[in-house]
Structures are given as structure tokens and as C-alpha cells.
Amino acid sequence: MAASPLNPKAQYHARSISLPSRPHPLVPEFDKHLSRLRTSQSASSSSSSSISHRLSGLKDLHDCVDDLLLLPLTQQTLAQHRHEKWVNELLDGSLKLLDVCGTAKDALLQTSKHANELQSSLRRRRGGENGISTEVGEYLTSRKKVKKAMHKALRNLKGMDNKSSFSPLNKDPETLSMVTMLREVEAVTLTVLESLLSSIAAARSKPSSWFVVSKLIHHKRVACEEAAGDLSEFEKVDCSLFTLIGHKTKSVNQIHIDTIQNALGKLESSIEDLEEGIEFLSRHLIKTRVSLLNILSH
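Residues numbered from 1 in each chain as written. Predicted model: local features only at pLDDT ≥ 70, side-chain atom pairs only at ≥ 80, totals over all residues. Heavy atoms only, no water.

### Some remarks on the overall build of the protein chain
The secondary structure content of the protein chain amounts to 10 helices and 0 strands. When the helices and strands of the protein chain are read in sequence order from the N terminus, they spell out α-α-α-α-α-α-α-α-α-α. Long-range contacts, defined as pairs at least 24 residues apart, comprise 82% of the intrachain contacts of the protein chain with a sequence gap of at least 6. Surface accessibility of the protein chain: about 15,300 Å² in total, with carbon and sulfur atoms responsible for 52%. (Helix = DSSP H or I, 4+ residues; strand = E, 2+ residues; numbered from the N terminus. Contact = heavy atoms within 4.5 Å. Areas by Shrake-Rupley, 256 points an atom, 1.4 Å probe, with all protein chains shown as cover.)

### Regarding the pattern of salt bridges
Enumeration according to the criterion identifies 6 salt bridges in this entry. In this structure, Arg38 engages Glu184 in a salt bridge whose closest nitrogen and oxygen atoms are separated by 3.5 Å. Placement of Arg38 in helix α1 (residues 26–43) and of Glu184 in helix α6 (residues 173–200) is noted, with a sequence separation of 146 residues between them. Given a relative accessible area of 18%, Glu184 falls into the buried group. (Salt bridge = Lys/Arg side-chain N within 4 Å of Asp/Glu carboxyl O. Buried < 20%, exposed > 50% of the residue type's maximum accessible area, 1.4 Å probe, protein only.)

### Section: the packing of aromatic side chains
What the rule picks out here adds up to 0 aromatic pairs. The ring centre of Phe280 lies 5.7 Å from the NZ or CZ of Lys59, which sits over that ring. (Phe/Tyr/Trp six-rings, centres within 6.5 Å; stacked < 30°, edge-to-face > 60°. Lys NZ or Arg CZ within 6 Å of the ring centre and 35° of its normal.)

### Observations regarding the packing of helix α4 (residues 85–124) against helix α5 (residues 133–158)
At a minimum axis distance of 10 Å, the contact between α4 and α5 shows a crossing angle of 165°. It follows from the interaxial angle that α4 and α5 lie roughly antiparallel. Our pair here, α4 against α5, has a crossing hand that is left-handed. In this structure, α4 uses Val100, Thr103, Ala107, Gln110, Thr111, His114, Ala115, Leu118 and Ser121 to contact α5, whose residues at the interface are Glu135, Val136, Glu138, Tyr139, Ser142, Arg143, Val146, Ala149, Met150, Ala153 and Leu157. Along the lines of polarity and charge, the residues of the contact of α4 with α5 split into 11 nonpolar, 6 polar and 3 charged. (Axes fitted to C-alpha atoms, helices over the stretch in contact; angles between N-to-C directions. Parallel < 35°, antiparallel > 145°, perpendicular 65-115°, else oblique. Left-handed = near helix turned anticlockwise from the far one by under 90°. Nonpolar A, V, L, I, M, F, W, Y, C, P; charged D, E, K, R; others polar.)

### A look at the packing of helix α3 (residues 72–80) against helix α10 (residues 254–296)
Interaxial distance between α3 and α10 falls to 9 Å at its minimum, and their mutual angle equals 65°. Classified by the angle their axes make, α3 and α10 are roughly perpendicular. The hand of the α3/α10 crossing is right-handed. Each of Gln75, Leu78 and Ala79 in α3 lies in contact with α10, whose residues at this interface are Leu292, Ile295 and Leu296.

### Focus: the confidence of the model for the protein chain
Residues at a pLDDT of 70 or more form 72% of the protein chain, whose mean pLDDT is 78. Under a pLDDT of 50 for its full length, residues 8–21 has, in the predicted model, 14 contacts with residues more than four places off or in other chains. Long-range and interchain partners of residues 205–227, a stretch whose pLDDT sits below 50, account for 31 contacts in this model, where long-range means more than four residues apart. (pLDDT = per-residue confidence, 0-100.)

### Comments concerning α6
Because the α-helix completes a turn every 3.6 residues, residues three or four places apart line up on one side. Taking 1.5 Å per residue, 28 residues should reach 40 Å; α6 reaches 41 Å between its end C-alpha atoms and fits that length. With 21 of 28 residues buried, α6 is to be regarded as a mostly interior element. Count one or two residues on from α6 and you reach Ala202, which has phi positive near 50°. (Expected span 1.5 Å × (residues − 1).)

### Structural notes on the nonpolar core
Residues Phe30, Leu78, Leu193, Ile200 and Leu241 are the most contacted members of the largest nonpolar core, which totals 68 residues. Examining the composition of this core, we find that 14 residues originate from one element, α4, more than from any other. Not counting chain neighbours up to four residues away, the residues in contact with Leu78 comprise Leu69, Trp86, Met178, Leu182, Leu292, Ile295 and Leu296. (Core = buried A, V, L, I, M, F, W, Y, C linked by side-chain atoms within 4.5 Å.)

### Considerations on empty space enclosed by the protein
Throughout the structure, instances matching the rule amount to 3 cavities of 30 Å³ or more. In this model, the largest cavity occupies a volume close to 150 Å³. What lines the largest cavity is simply His62, Val65, Leu90, Gly93, Ser94, Leu97, Leu182, Val185, Glu186, Leu285, Thr288 and Leu292. Only α2 (48–68), α4, α6 and α10 provide two or more residues apiece to the lining of the largest cavity. Element by element, the count of residues in the lining of the largest cavity is highest for α4, at 4 residues. Residues that form the lining of the largest cavity fall into these classes: 7 nonpolar, 4 polar and 1 charged. As a volume, the second largest cavity reaches approximately 50 Å³. Considering the residues around the second largest cavity, the lining is formed by Phe30, Val65, Leu68, Leu69, Met178, Met181, Leu182 and Val185. (1 Å grid on protein atoms, 1.4 Å probe; cavity = no way out; pocket = protein on both sides within 12 Å on 5 of 7 lines; lining within 4 Å. Points joined across faces, edges and corners; volume = space filled by probe spheres on them.)

Rendered as C-alpha cells:
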């Protein structure tokens, strides 16, 4: 069980008998959500469905944090340290995470727009690669811009790791526990957002990936999931299009088109789920930040 300001006797027995002798029910709930997220992060793939699941887990964790921040003991502990540097660092961290959410939203919006345009062009196609070359080029150009933005955001996220002025020296158990919980929430949120940005950027794509999808195109009976392994939906579309433009002949058969349309359809569905998850996360980050500001202003 994580240490908690709501379970002071677990670490410090010489306390007033007025303090609770057992943890508040929110504490084991917090531990459960945090443990699930850590387990899913280490065991899951880079697929969009996996990341959507982790975003849903973040929603549950942040719900729990919001409830913890409503408790009088939590508010008292934070208010007592309002002027310390680590408090401002927590507020700055939430602002940076919100900025990352905004960057991810913009990337998903742009990718969805160009994917939709490409899919419409494929439906209207009346023969030959030339009929869709412009739209394919526009999509790949937009993806290049999105990837650049994602890599920049990832570099900025790396700068957030392990930067804290908080020192456990001379801190009471309540303060230690509260800071630990809030920093754990920030850390696991950071990890999930890193996975999301990496997935959008198709950061793991390598030439071998193009070969995998190329085999898929020429073997109709091989399922995409089996051939492409744990590639994200963004990577699968990128791979399919690079294979298309690298085709030696100008003729593009229906297998190529069906494969790309199938990948684009799954991508658009995945983007909708990711947009919903990132929107929920943004709202929770704002709510938590407002709660902290209200506590510290009194």
C-alpha cells in the first residue's frame, strides 16, 4: 500500500488518538488504479487500443486524486506548505502536461483530417496510382509535420523527468505521503502521454516494418494484426502508403486499395477513441490544478 496522509499511524505511531487508525477507503483505491496503470504500461503493446485503455485508467486515477483533494487533512497538509518550491513545481508540472495534451489533440485532428481526405479519394478512384498520388503525398507531408511536432514534444517531456526540489528531510509523514502520491500521478501520466506521442509519431517504424506490410499486401489471407505485430494504427497506414508509392509499376490493384482503406478506417476509429481519452484527461488535469490553486489560496 502506498504511504498516505490519510493513514498517518502506518508510519508514525506516536500521533494523537484523534487521527484515523486505518487508511481512508480512497487510499487502497488509489493504490489499485496506480498498480493497474503500471502493469498495463509494462505489458501492453503500442497499439492505439492499448493506449486508449491506459488513458481510461488515468481517468480513474485522477478521479481518485480529485476526491482525495476534497478531504480536510489533505487540504491542511498542502496549505501548510504553500510557499515551498515543490508546490510550485507540482503546479508547473500540471501546466506542462496540459500543453502536451493540447499538442496531442492538434496532431490527432490533423491526422484525422488528412486520413479522411485520403479515404474519400480512394473511394472515388477510377484507376491507376496517378489518381491518388496527390492525396497520398499530402497525407505523408502532413504526417512528416506531425512527427516533427511529436518528437519535439517528446524531448520536452524528457526534461520533466526527475526534476524536483522536494527533500524528505524534516518532513512529517503526512507531507511525505501527499507529495509522493501527487508525484506518482504526474509520473504515470507522463509515461502514458509519452506512449501516446510515440504512437502518433510512429517512432518505432523501421525499414523492416515496410517489408512486413509489403508481405501483407501480396498475401491476401494474412491478417494485418498477425503480419504487422504490435505496430500502431498510425504505423500501419504509413507502412501501407510507403509500400504503395514504392511499387514498381504504375498499376495499383484492388488489394492495395482495400488494404489501405482498411488501415485508414481503423486509424480513424482509433483516433476517435484517443481524442475522447485525451479530452477526459485534459479536463481532469484542469480540475486538479484548480483544486490545488484553491487550496493554496486559502
